[in-house]
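# An overview of the molecular structure
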Amino acid sequence: MNKKILNLMLDIETIGTTVDSIILSYDFFTFELPGMDNQSNEPIGIGRDISVFSSLVAHRKSDRSTEDFWAAPEREAAMNDIMEFQKNAVPFAQAMNELYEFLNMLQDKFTVYYWGRGASTFDLPILSHAMRSVVGESYKEPWQFWQIMDVRSIVRFAKWCGLKPVKSTAGIEHTASTDVKNQIEEIKQAWCFINGLD
């Protein structure tokens, strides 16, 4: 029997763009695409805010350009949220172990597709490096290359076909949980437009 498809949206916030960057938070949540056969409708998710101090202890790094990005006045609300979340943030190693266990659990049960904005070149390489640094020699990549999907590609294609997307204004941009929700709305709009669905 074929496993059900599980579409999983993800987002991370970092203080850098290299694979060893400090990860401030991650968020993963499932979603359904209307009309897709054999997909799971089970709501599953995981999100963690990660202690910057514990990340520094684990030799994670920041870069000046990303520090400047967060310092910009238009990101003040997001930065305030992140600072508030740091009060209850979990240690880096705990966050990575929990994510690794979560993703492997999903891989055992479903055919998982990982969706994000540039997930193959940003989010997943950074998370892979982070999880590997904690798990050690027993680490095995939870995903394969063909499971990685890009929100930007399908949205751009839909725009080329005439979609005029409605941008969500819910939540505070550049927090992982908000970005995941907004990316799910983006892809649903694009998917429905391409497939002629209301």
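### As for the packing of aromatic side chains
Applying the stated criterion across every chain, the model contains 6 aromatic pairs. A ring pair is formed by phenylalanine 31 and tryptophan 115, whose centres lie 6.4 Å apart and whose planes are at 65°; its orientation type is edge-to-face. Remark: tryptophan 115 occurs in strand S4 (residues 111–116) and phenylalanine 31 occurs in strand S2 (residues 23–31); sequence separation between them is 84 residues. Look at phenylalanine 31 and you get buried, because its relative accessible area is 5%. Judged by its relative accessible area of 8%, tryptophan 115 is buried. The cationic tip of arginine 75 hangs over the ring face of phenylalanine 69; the distance from NZ or CZ to the ring centre is 3.6 Å.

### What to know about the nonpolar core
Residues Tyr26, Phe28, Met96, Leu99, Leu103, Leu127 and Met131 are the most contacted members of the largest nonpolar core, which totals 31 residues. The greatest single-element share of this core, amounting to 8 residues, is contributed by helix H4 (residues 92–109). The residues touching leucine 127, leaving out its near neighbours within four places in the chain, are Ile12, Ile23, Tyr26, Phe28, Met96 and Leu99. Within the second largest apolar cluster, 15 residues are counted, among which are Leu33, Ile154, Leu163 and Cys192.

### Quick word on the sheet that holds S4
Reading across the sheet, the 5 strands line up as S3-S2-S1-S4-S5 and stay open at both edges, with mixed pairing between neighbours. The strands lining the two open edges of the sheet, one partner per strand, are strand S3 (45–49) and strand S5 (148–150). The average undirected angle you get between the axes of adjacent strands in this sheet is 25°. By the bridge criterion, 3 bridges tie S4 to S5 in an arrangement that is parallel. Along S5, the bridge assignment pairs tyrosine 114 with isoleucine 148. Across the face of the sheet, helix H5 (residues 123–135) comes into contact with strand S1 (5–14), S2, S4 and S5 while running at roughly 80° to S1.

### Focus: the packing of helix H6 (residues 151–160) against helix H7 (residues 176–195)
Two elements in contact, H6 and H7, have axes separated by 9 Å at closest approach and are oriented at 40°. Judged on the interaxial angle alone, H7 and H6 are oblique. Here H6 and H7 pass one another in a crossing that is left-handed. Between H6 and H7, the residues in contact are Val151, Ile154, Val155, Phe157 and Ala158 and Gln183, Glu186, Ile187, Ala190, Trp191, Phe193 and Ile194, respectively. In terms of residue class, the contact of H6 with H7 is made up of 10 nonpolar, 1 polar and 1 charged.

### Thoughts on the packing of H4 against H5
Two packed helices can be described by the angle between their axes and the distance between those axes. Where H4 meets H5, the axes come as close as 9 Å, and the angle between the chain directions of the two elements is 105°. Classed by the angle they form, the pair H4 and H5 counts as roughly perpendicular. Judged by residue contacts, Phe92, Ala93, Met96, Asn97, Leu99, Tyr100 and Leu103 of H4 engage Leu127, Ala130, Met131, Ser133, Val134 and Val135 from H5. For the contact of H4 with H5, the residue count by class is 11 nonpolar, 2 polar and no charged.

Quick notes on the rules
Residues numbered from 1 in each chain as written. Predicted model: local features only at pLDDT ≥ 70, side-chain atom pairs only at ≥ 80, totals over all residues. Heavy atoms only, no water. Phe/Tyr/Trp six-rings, centres within 6.5 Å; stacked < 30°, edge-to-face > 60°. Helix = DSSP H or I, 4+ residues; strand = E, 2+ residues; numbered from the N terminus. Buried < 20%, exposed > 50% of the residue type's maximum accessible area, 1.4 Å probe, protein only. Lys NZ or Arg CZ within 6 Å of the ring centre and 35° of its normal. Core = buried A, V, L, I, M, F, W, Y, C linked by side-chain atoms within 4.5 Å. Contact = heavy atoms within 4.5 Å. Pairing = 2+ DSSP bridges. Axes fitted to C-alpha atoms, helices over the stretch in contact; angles between N-to-C directions. Parallel < 35°, antiparallel > 145°, perpendicular 65-115°, else oblique. Left-handed = near helix turned anticlockwise from the far one by under 90°. Nonpolar A, V, L, I, M, F, W, Y, C, P; charged D, E, K, R; others polar.

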